[in-house]
Amino acid sequence: MRTIALASLLLLPLTQGCFMTRDTVNQPLQEERIVKLAPDMSTGEVLGLLGGPMEVVQLGRRSAWRYDHQRTKRTGLTLVVVNALNTDTQEDRLWLFFNEFDRLAAFGSTLQASSSEWVLPWFDSHE
Amino acid sequence: MILSVGLALGAASCVKARYERHIVLEPVQTDELQHLVPGASDLEHCLSVLGAPNFVWERSGDAIAIAYGSYRHQGWQVGASVNVTRGVSASFDYGELEALSRGYVLLFDERWKLESVSEGLLRDLSAEFERTPPQSVE
């Protein structure tokens with residue numbers, strides 16, 4: 001009995017730990033390419049600059065293309081009977097809107113993927 | 001001894017209390033929305049103020065809607081479940097973002113002039129729009 005108790009106590013520290021992981025989807029959007037976008041560019045010119053989009057949404061005679069990159073960071077802490085987990089997903093996004101002549105009419109970008117953080121859930125993050 | 005054995009077994013099992021927080025994307029700042037004027041602001045202006053939306057939808061005619069959303073959930077959970085707070089899975093996808101997040105939907109007319117801005121759950125705000133399935137691009 002004493003051996004079992006001692007073994008159990010010795011095992012306890014081994015059941016605790018922490019982890020940090022990072023998942024990414026697609027390549028980060030390159031700002032130096034985004035700044036080269038200009039109104040009235042053709043779809044072919046955009047493809048040459050950015051490559052193929054992740055999604056195409058047909059908008060009647062017009063269309064919109066989406067490019068994105070996501071980064072998720074997870075931070076975990078495992079204690080004896082309590083676990084803590086924080087996940088933080090941030091994203092780079094670029095939407096391009098083409099008119100009925102397949103010319104770039106408007107676009108908007110948000111580059112925030114790099115702001116994803118490893119942090120435990122009780123600490124401030126993106127406040 | 002019983003306590004220590006119990007703790008060891010508990011620690012090795014999946015029955016635990018979990019404190020979790022899930023942050024998905026940054027919310028749009030409400031003061032940025034004040035720069036948008038229905039009837040005057042066009043799509044290009046809205047994109048320059050708010051950045052890229054999370055969703056773009058087709059409406060009737062050539063009108064469109066765009067949406068910005070984010071969510072942040074945190075809380076305790078006790079039990080043997082592998083998944084998490086309020087049904088948020090450990091991985092991110094756009095369906096989940098639309099279902100869970102609050103945000104803003106901006107409606108544009110056929111000339112892509114801003115008609116209105118609505119705030120609420122994206123799931124509710126987007127229910128009326130026609131959905132065009134994404135087209136894969138080679």
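Residues numbered from 1 in each chain as written. Chains lettered and ligands numbered in written order. Predicted model: local features only at pLDDT ≥ 70, side-chain atom pairs only at ≥ 80, totals over all residues.

Here's the deal with the overall build of chain A
To keep things clear, this is the line we draw: Runs of H or I in DSSP of at least four residues are treated as helices and runs of E of at least two as strands, each being numbered from the N terminus. Within these notes, the globule rule equals 2.2 Å times the number of residues to the 0.38 power, and the radius of gyration is based on C-alpha atoms. The burial label depends on the number of other C-beta atoms within 10 Å of a residue's C-beta. Counts of 20 or more mean buried, 12 or fewer mean exposed, and intermediate counts mean partly exposed, with C-beta atoms placed from the backbone.
In terms of regular secondary structure, chain A is built from 3 helices and 5 strands. From first element to last, N terminus to C terminus, chain A shows the α and β order α-β-α-α-β-β-β-β. What you see for chain A is a C-alpha radius of gyration of 23 Å, clearly larger than the 14 Å of a compact globule of 127 residues, by over 25%. Dimensions of chain A along its principal axes, counting C-alpha atoms only, are 80 × 25 × 25 Å. Counting only residues that meet the buried cut, chain A has 31% of its 127 residues in that class.

Things to note about the pairing of strand 4 (residues 82-98) of chain A
Regular strands place their side chains on alternate faces of the sheet. Note the cut-off: A pair of strands is treated as paired once DSSP finds two or more bridges between them.
Counting buried positions over the 17 residues of strand 4 of chain A gives 14, a clear majority of the element. Examined bridge by bridge, strand 3 (residues 62-78) of chain A and strand 4 of chain A share 16 bridges and lie antiparallel to one another. By the bridge assignment for strand 4 of chain A, tyrosine 67 of chain A is matched with leucine 94 of chain A. What sits between the antiparallel neighbours strand 3 of chain A and strand 4 of chain A is a turn of 3 residues. By the bridge criterion, 8 bridges tie strand 4 of chain A to strand 1 (residues 16-24) of chain B in an arrangement that is parallel. Looking across to strand 1 of chain B, one finds that leucine 85 of chain A is bridged to glutamate 20 of chain B. Pairing geometry for strand 4 of chain A and strand 5 (residues 104-111) of chain A, over 7 bridges, is antiparallel. When the sheet's bridge partners are listed, tryptophan 95 of chain A is paired in strand 5 of chain A with glycine 108 of chain A.

Focus on the nonpolar core
The condition is simple: What makes a nonpolar core is a set of buried Ala, Val, Leu, Ile, Met, Phe, Trp, Tyr and Cys residues, with links drawn between C-beta atoms within 7 Å. Working definition of a contact: two residues with C-beta atoms, positioned from the backbone, lying within 7 Å.
Counting residues in each nonpolar core, the largest one holds 36 residues, and the members touching the most others are Ala64, Trp95 and Leu96 of chain A together with Val56, Ile64, Ala67 and Leu106 of chain B. Here alanine 64 of chain A is in contact with Val57, Leu59, Trp95, Leu96 and Phe97 of chain A together with Val56 of chain B, once residues within four sequence places are set aside. Among the nonpolar cores identified, the runner-up in size contains 5 residues, and Ile23, Val24, Leu25 and Tyr71 of chain B belong to it.

A short note on the confidence of the model for chain B
All names here are of chain B. As a reminder, the rule being used: Values of pLDDT, which run from 0 to 100, indicate the predictor's confidence residue by residue.
Scored by pLDDT, chain B comes out at a mean of 82, with 73% of its residues at no less than 70. Taken element by element, chain B is modelled with least confidence in helix 1 (residues 2-12), mean pLDDT 56, and with most confidence in helix 3 (residues 43-50), mean pLDDT 97. In the predicted complex, the global pTM is 0.82; the interface-specific ipTM is 0.85.

Notes on the environment of glutamine 90 of chain A
Within the secondary structure layout, glutamine 90 of chain A lies in strand 4. By the C-beta count within 10 Å, which is 24 here, glutamine 90 of chain A ends up buried. Separated by 69 residues in sequence, glutamine 90 of chain A and threonine 21 of chain A have C-alpha atoms that sit 14 Å apart. Beyond its immediate chain neighbours, meaning those up to four positions away, glutamine 90 of chain A contacts Arg71, Gln112, Ala113, Ser115 and Ser116 of chain A together with Leu25 of chain B.

Some points on helix 3 of chain B
Going by this rule: Comment: arc refers to directions from the helix axis out to C-beta atoms.
By the burial criterion, the buried members of helix 3 of chain B are Leu43, Cys46, Leu47 and Leu50 of chain B. With its buried residues spanning 100° around the axis, helix 3 of chain B presents them on a single face. Next to the buried residues of helix 3 of chain B lie strand 4 and strand 5 of chain A together with helix 2 (30-33), strand 3 (64-79), strand 4 (102-108) and strand 5 (114-121) of chain B. Glycine 51 of chain B lies just past helix 3 of chain B and shows a positive phi near 85°.

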